[in-house]
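Here are the chains, one letter per residue:
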Amino acid sequence: MAATLVIERAGPLVSIQDAGRFGYLAHGISASGPMDAGAFKRAGVLAGSGGAAGIEFSMLGLDLLVAEGEAVMGWDGGTFEVSVNGRTQSWPSSVLLAAGDRLTISAGTGGNYGYLRFGGEIDVPLVMGSRATSMRARIGGLDGRALRAGDMLGVTQHITNRRAALGLDPRADAGAAAIEGGNDGPRVKPEGSSVFGVRLGNDAAPKTVSGGPIRFVWGLHAEVFGTELREKFVTSAFRISSMMDRMGVRLRDEAAVFAEARILSLVSDPVVVGDIQILGDGTPIVLGRDHQPTGGYPRIGTIISADLDRFFQLRPNAELVFAPVGLDHAQALLRSGIA
Amino acid sequence: MQILPERPMVQALGDSAILVRFGSRLDENANRRAIGFAATLESEEIAGIIEVVPSLVSVLLRYDPLISRHQDIEGEIRLRLHDALEERAGAAHGIGVRFGGEAGPDLEEVAGLLKISAEKFMAQHNAVPLRVLATGFAPGFVYCGFHPDALVLPRRDKVRALVPAGSVLFAAGQTAIAATDIPTGWHVIGHTDFSNFDPAAEPPTRLRAGDSVSFEVA
């Protein structure tokens, strides 16, 4: 089972991603990879995890047409509207699409990023060991750029039996005939059923993008800001601004926490995803997966790994507060998986 | 009075990385110690470290928090900081540069600010090899230094939105080479055909921190 897909509409920042291109920071290249890594994985499980790469889309989603062949597709991340040939589907879910089928994903009620994964691999070359698009380095994915209308993507041979993907008995020839018997609609996996025999546990349940403080550990330059300002930082609310992309998310500092701070320009040091940098004009910016490898602005803290996905799904205008935690706590959260 | 070098600072950078910093400002000593410590980590590996990234005055170490605890990694780091730091014997590169004109629109202005002729600037700029201080900012972007005090200028007031790959940049007592198209506030003094970023090559960059670079008029 292989397929050729045609992108008919792409919102901004739709790109091919895989888990990330790690190990090249010393060459000036950050890892990229999905902004919401957990949702990316869950969409992969829904699709049967046949390929390491998937499509990340932003709030406006994308439309695609299966031009040839067939492929299982799974989706998750945020809450989007999804339909196949005009028929509404559930979110998250998975479906087998065949030639002529149209998938439409459009803005929904929550989140910034969603993921479309496939039963097979997206046919783009590995660049430095990864298919992830780095828009900053202009490598990976499709020619190192965002996807746009008219792009064609191949999805390679499925590694798993497609009937199993649909929860059908592979011996039931009648069912198979129905699948091959035309284009009268998608075959939606019955909700709550197992996918490829893997029961979806809590891990795969959709995570709500809701409140709760964003936890962080104090950073490299926390001392630069002084006790009073640090106290204000953890007791004031910030808002997500509309200036966000895969490189960083600017925050609105409505409580003017950093208005009076004297921001020094520092010698550049390596930065990491989740770093909370304070720009020269006092604007806080949280670094995303396509971050610069180094930065010279002071960093008051770094969002813990367990909260990164949730943070990047916060929509513009969402209010958030930051809560400091210790390193032991941050790492224990990861190990326990209860994040 | 002898000024002792700053004690290295070992600081967590989130829950999956640690930064070891050898100075809060960029100077020869801090940079050499950072490069030396990265070399030490190559010969005396720390179990659990998945990436070592030397920078201008610091070294980033990434680890997997599901496998290693930060206390253990920090302990291993401190053990290695007591050792005499290695000096990495870098490779030597010759880099041809077309100075001035369209290739280097700021050359005349730079020479003027330094109150010397463009010819004299090029001669002084190329007089001695520089060290690659670090890769950073963008793929394959290298900082080379240091020039003598007589060749120190601040950055431009205005940032250029885009300069092409191969641009040779000058500011803050350093010469930098852009390996991709980038925005920059540095003075653009020339252009080189030397490419320091090839995603199809392994490794994808040719210049490493600690290497020596001789600039020549192309």
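Residues numbered from 1 in each chain as written. Chains lettered and ligands numbered in written order. Predicted model: local features only at pLDDT ≥ 70, side-chain atom pairs only at ≥ 80, totals over all residues. Heavy atoms only, no water.

Asks: Help me understand the overall build of chain A in this model?
Replies: Within chain A one finds six helices and 20 strands. When each of the 339 residues of chain A is scored for burial, the buried share is 57%. Taken as a whole, chain A presents about 13,200 Å² of accessible surface, with 52% of it coming from carbon and sulfur. (Helix = DSSP H or I, 4+ residues; strand = E, 2+ residues; numbered from the N terminus. Buried < 20%, exposed > 50% of the residue type's maximum accessible area, 1.4 Å probe, protein only. Areas by Shrake-Rupley, 256 points an atom, 1.4 Å probe, with all protein chains shown as cover.)

Asks: Explanation requested: the interface of chain B and chain A in the structure shown.
Replies: When the parts come together, some accessible area is lost, and that loss is often what is quoted as the size of the interface. Contacts between chain B and chain A engage 44 residues on the former and 37 residues on the latter. Carbon and sulfur atoms supply 60% of the area buried between chain B and chain A, which totals about 3,200 Å² over both sides. The largest per-residue losses of area from chain B upon contact with chain A belong to B:L13, B:D15 and B:F137, which jointly make up 18% of the total buried on that side. For the interface between chain B and chain A, the tally reads one salt bridge. Across the pair A:D269 and B:R21 runs a salt bridge, and its minimum N-O distance is 3.3 Å. Connecting chain B to chain A are 18 residue pairs in polar contact (both at pLDDT 80 or more). Elements with a contribution of two residues or more to the side of chain B that touches chain A: β1 (9–12), β2 (17–21), β3 (49–54), β4 (58–63) and α2 (70–81) of chain B. Its residues assigned to classes, the side of chain B that touches chain A shows 23 nonpolar, 13 polar and eight charged. (Contact = heavy atoms within 4.5 Å. Buried area = accessible area lost by both parts, 1.4 Å probe. Salt bridge = Lys/Arg side-chain N within 4 Å of Asp/Glu carboxyl O. Polar contact = N/O pair within 3.5 Å; in protein donor to acceptor, adjacent residues only side chain to side chain. Nonpolar A, V, L, I, M, F, W, Y, C, P; charged D, E, K, R; others polar.)

Asks: Help me out: how do you make sense of the packing of helix α1 (residues 28–43) of chain B against α2(B) in this one?
Replies: A pair of packed helices is characterised by two quantities: the angle between their axes and the separation of those axes. Residues and elements named next belong to chain B. The contact between α1 and α2 brings their axes to 11 Å, and the two run at 110°. The orientation of α1 with respect to α2, classified from their angle, is roughly perpendicular. Between α1 and α2 lies a crossing whose hand is right-handed. For the pair α1 and α2, contact is made by F37, T40 and L41 and by I77, R80 and L81, respectively. In terms of residue class, the contact of α1 with α2 is made up of four nonpolar, one polar and one charged. (Axes fitted to C-alpha atoms, helices over the stretch in contact; angles between N-to-C directions. Parallel < 35°, antiparallel > 145°, perpendicular 65-115°, else oblique. Left-handed = near helix turned anticlockwise from the far one by under 90°.)

Asks: Please explain empty space enclosed by the protein as it appears in this structure.
Replies: Vacant regions in the atomic arrangement are exposed by a probe of water-molecule size rolled over the atoms. Scanning all chains against the criterion turns up one cavity of 30 Å³ or more. Quantified by volume, the largest cavity comes out at close to 30 Å³. Considering the residues around the largest cavity, the lining is formed by A:L25, A:P270, A:P293, A:T294, B:V53, B:L60, B:T135 and B:G136. Taken together, the residues that form the lining of the largest cavity break down as five nonpolar, three polar and no charged. (1 Å grid on protein atoms, 1.4 Å probe; cavity = no way out; pocket = protein on both sides within 12 Å on 5 of 7 lines; lining within 4 Å. Points joined across faces, edges and corners; volume = space filled by probe spheres on them.)

In short, geometric facts, not functional conclusions.
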